[in-house]
Amino acid sequence: MSQDTEVDMKEVELNELEPEKQPMNAAAGAAAGEKNGLVKIKVAEDEAEAEAGAKFTGLSKEELLKVAGSPGWVRTRWALLLLFWLGWLGMLAGAVVIIVRAPRCRELPVQRWWHEGALYRVGDLQAFVGPNAGGIAGLKKHLEYLSTLKVKGLVLGPIHKNQKDDVNGTDLKQIDPSLGSQEDFKDLLQSAKKKSIHIILDLTPNYRGQSAWFLPAQADWVATKMKEALSSWLQEGVDGFQFRDVEKLMDASLYLAEWQNITKNFSEDRLLIAGTDSSDLQQIVTILESTSDLLLTSSYLSNSSFTGEHTKLLVTRYLNATGSHWCSWSVSQAGLLTASVPAQLLRLYQLMLFTLPGTPVFSYGDEIGLQEAVVPGQPVEAPFMPWDESSLPQTPGHISTNMTVKGQNEDPGSLLTQFRWLSDLRGKERGKERSLLHGDFRALTSSPGIFSYVRYWDQNERYLVVLNFQDVVLSARLEAANLPAGISLPASANLLFSTNSTRLGQEQGTSLSLENLYLNPHEGLLLHFPYVA
């Protein structure tokens, strides 16, 4: 049969189909009997595809197995497998080398809440809240203010019942009725805990009398009553205790060790603070050695000539003498900063106390530069806290707005603003950098009149503190010759804080050359730089 005959037969088959199943004509009005060229092309293409399919066929299973078992492919597979395992072992060995050679992280020391920030002392409750503010109830209203200061603990009192030099009129377990009730104090404890402020209660027994610890013959009474009081107040929820003038307490080391055992047996998270007016380093060390976990406030730093060289000597001697004992820093056991530190150095001392290794301890009013009101011929009395102009009693002279909490609160360059900033920095240390929190300390060699030091911890960011104690501009001229191996000063560091508000506003966050670092009169700088392996 010829090719034309085959095509005609296919056309006949298409014509026999029902009209709706026939291919549409190529165009409307086409001549009857005209054949659809698309059908012819389709048939031709189908035949071409069938012929092509017959030409290309894959390998059968038997043929594939035959090829895979050939010596060439066997050698290739073994070579690829060997390369895979060699690469894997090489990566494993590299990871081991990296782990072995990587610097080890130092083990973090145990941290308690008093390690993480400042303590705030309110010795005279009525002077702090105001003459008609309600004692303990009035103090509760100021907890929000203390919260803005970012302090970790409030050292309160003494507020227990005490008749001057009268043992029988003293009750260490009862609140002085003139200051409030037991219920007022419990309410204060609950409110303080909600704001994460710990309450440390001062239990110095005869705080209104001539001798804080009564007479030596009454020591047994003191010991018995103190143990009862400690247990009672711990049950109430107090977070710690303070005892002042411990140098006047016979066998002070034995008593402090016994009282520390009572608090620690109740909870490791309870604090004991001892206070002394002594500035003798050996006497201070003897008191500290009575127990391993005791904070001590003293007049040690007040015994200063307020020069960079002498301050450096005092700090380094204290740290060397106390060794691994956690330190606390203050200028007295109860007084204000202004009673010991010249006014032009207040900002410098705030910066220093917040950046030395240990717990800074301040008295109420230190954050605003409060001064004691000294009346010739009369005993020094605790000054009233100047919340605003209306909160002060009638006193001669005019009280400036910048001397009040309200006035400084509205001033971004005030001493109060600086205190809050530094306190907040210490509070953030736990979750951010550890160098200021529990880092090592190393004093640097620098220009006369300047005290500078570095705080560093393991692989964390380092801090550099530079303090100018003189009233002239000084070049720092820092030298890092005495730094330990692995610690060095960079060419430049970023300015984090300055006690000079003008410089802070212009240069905060900028990089300063340490080779050409200058400080304004009585200026303190806090700089930071990264760890470099």
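In this report, the structure presented in the accompanying data block is examined. (Residues numbered from 1 in each chain as written. Predicted model: local features only at pLDDT ≥ 70, side-chain atom pairs only at ≥ 80, totals over all residues. Heavy atoms only, no water.)

### Focus on the overall build of the chain
Counted only if it meets this: A run of H or I in DSSP becomes a helix once it reaches four residues, and a run of E becomes a strand once it reaches two; helices and strands are each numbered from the N terminus. We call a residue buried when its accessible area falls under 20% of the maximum for its residue type, exposed when it is over 50%, and partly exposed in between, using a 1.4 Å probe and counting protein chains only. In what follows, residue pairs with any heavy atoms lying within 4.5 Å of each other are defined as contacts. Accessible areas in this description were obtained via Shrake-Rupley with a 1.4 Å probe; residue shielding takes into account the shown protein chains only.
Each helix and strand in the chain was counted, giving 17 helices and 18 strands. The buried share of the chain, taken over its 533 residues, is 44%. In the chain, of all internal contacts separated by at least 6 residues, the share reaching a separation of at least 24 is 68%. Carbon and sulfur atoms provide 54% of the accessible area of the chain, an area that totals close to 27,700 Å².

### Some thoughts on the side chain of Q260
Here is the rule we go by: Pairs of N or O atoms are called polar contacts if they sit within 3.5 Å, as long as, within protein, a hydrogen donor faces a hydrogen acceptor (for residues adjacent in sequence, only side-chain-to-side-chain pairs).
By the secondary structure assignment, Q260 is in helix 10 (residues 252-266). Residue Q260 is classed as buried on the basis of its relative accessible area of 3%. Among the polar contacts listed, one links the side chain of Q260 to the backbone oxygen of D293, at a separation of 2.4 Å. Contacts of Q260, omitting those with residues within four sequence positions, involve L272, T291, D293 and L294.

### Looking at empty space enclosed by the protein
With a probe scaled to a water molecule rolled over the atoms, the places where space remains empty come into view. The cut-off we apply is this: Here a cavity means grid points, on a 1 Å grid over the protein atoms only, where a 1.4 Å probe fits yet cannot get out; a pocket means an open set of points with protein on both sides within 12 Å along at least five of seven lines; lining residues are those with an atom within 4 Å of a point. Grid points are joined across faces, edges and corners, and a volume is the space filled by probe spheres set on the points. Side-chain classes follow a simple rule in which Ala, Val, Leu, Ile, Met, Phe, Trp, Tyr, Cys and Pro form the nonpolar group, Asp, Glu, Lys and Arg form the charged group, and the remainder, Gly included, forms the polar group.
Using the criterion set out here, one finds 1 cavity of 30 Å³ or more in the structure. The space that makes up the largest cavity amounts to roughly 50 Å³. Forming the boundary of the largest cavity are L296, T297, S298, Y300, L301, Y318, S328, W329 and S330. Elements represented by at least two residues in the lining of the largest cavity include exactly strand 8 (295-297) and strand 9 (328-329). Split into classes, the residues belonging to the lining of the largest cavity amount to 5 nonpolar, 4 polar and no charged.

### A word on helix 9 (residues 219-236)
Note: α-helices contain 3.6 residues per turn, so residues at a spacing of three or four share the same orientation. We count it as follows: One less than the residue count of a helix, multiplied by 1.5 Å, gives the span that helix is expected to have. Within this analysis, the arc is defined by the directions that extend from the helix axis to the C-beta atoms.
In this model, helix 9 (18 residues) spans 26 Å end to end at C-alpha, consistent with the 26 Å of a helix rising 1.5 Å per residue. Within the sequence span of helix 9, burial applies to A219, V222, A223, M226, A229, L230, W233 and L234. All buried residues of helix 9 fall inside an arc of 140 degrees around its axis, so they share one side. Opposite the packed face of helix 9, turned more than 90 degrees from it, sit the exposed residues D220 and Q235.

### Quick word on the packing of helix 9 against helix 10
Stated formally: Lines fitted to C-alpha atoms define the axes, with helix axes restricted to the stretch in contact, and inter-axis angles between N-to-C directions lie between 0 and 180 degrees. Note on terminology: angles under 35 degrees are roughly parallel, angles over 145 are roughly antiparallel, angles of 65 to 115 are roughly perpendicular, and the others are oblique. Left-handed is the label given to a crossing in which the near helix is rotated counterclockwise from the far helix by less than a right angle, and right-handed is the label when the rotation is clockwise.
Running from N to C, helix 9 and helix 10 cross one another at 20 degrees; their axes reach a closest spacing of 10 Å. One element, helix 9, and the other, helix 10, form an angle in the roughly parallel class. Judged by the sense of rotation from one axis to the other, the crossing of helix 9 with helix 10 is right-handed. Contacts from A219, A223, M226, K227, L230, S231, L234 and Q235 of helix 9 reach helix 10 at Y255, E258, W259, I262, T263 and F266. Taken together, the residues of the contact of helix 9 with helix 10 break down into 9 nonpolar, 3 polar and 2 charged.

### Some thoughts on the nonpolar core
Note on soluble globular proteins: their nonpolar side chains tend to be buried together. Applied cut-off: Nonpolar cores are built from buried Ala, Val, Leu, Ile, Met, Phe, Trp, Tyr and Cys residues. Side-chain atoms within 4.5 Å join them into one set.
Grouped together as the largest cluster of nonpolar side chains are 106 residues, with contacts concentrated most on Y120, F185, F243 and W259. For this core, the element with the most residues is helix 9, which contributes 8 residues. Setting aside residues up to four positions removed in sequence, W259 forms contacts with W213, M226, K227, L230, F243, L249 and L272. In terms of nonpolar packing, the next biggest core, distinct from the first, is built from 21 residues, L444, Y456, L489 and L525 among them.

### Some remarks on the packing of helix 11 (residues 281-288) against helix 12 (residues 308-322)
How two helices sit against one another is set out by the angle between their axes and by the gap between those axes. Orientation of helix 11 relative to helix 12, taken along the N-to-C sense of each, is 35 degrees, at an axis distance of 10 Å. As helix 11 runs across helix 12, the sense of the crossing is right-handed. Contacts between helix 11 and helix 12 involve L281, I284, V285 and L288 from the former and R317, Y318, A321 and T322 from the latter. Per-class residue counts for the contact of helix 11 with helix 12 are 6 nonpolar, 1 polar and 1 charged.

### Remarks on the pairing of strand 4 (residues 166-175)
Regular strands place their side chains on alternate faces of the sheet. Applied cut-off: One bridge is not enough; two strands pair if DSSP finds at least two bridges between them.
Alignment of strand 3 (residues 160-163) against strand 4, held across 3 bridges, turns out to be antiparallel. Along strand 4, the bridge assignment pairs K161 with D171. If you look at the hairpin formed by strand 3 and strand 4, you'll find 2 residues sitting between the two strands, and D165 has a positive phi there, around 60 degrees.

### Regarding a nonpolar patch on the surface
Where we set the bar: Exposure above 30% relative accessible area and the lack of any salt bridge qualify a residue for a patch; like charges then connect within 9 Å, and the nonpolar side chains Val, Leu, Ile, Met, Phe, Trp and Tyr within 5 Å. For this analysis, a salt bridge means a side-chain nitrogen from Lys or Arg found within 4 Å of a carboxyl oxygen belonging to Asp or Glu.
Together, W78, L81, F84, W85, W88, L89, M91, L92 and V96 give the surface a local cluster of nonpolar side chains, amounting to about 1,000 Å² of exposed area. Structurally, the position occupied by F84 is in helix 4 (residues 71-101).

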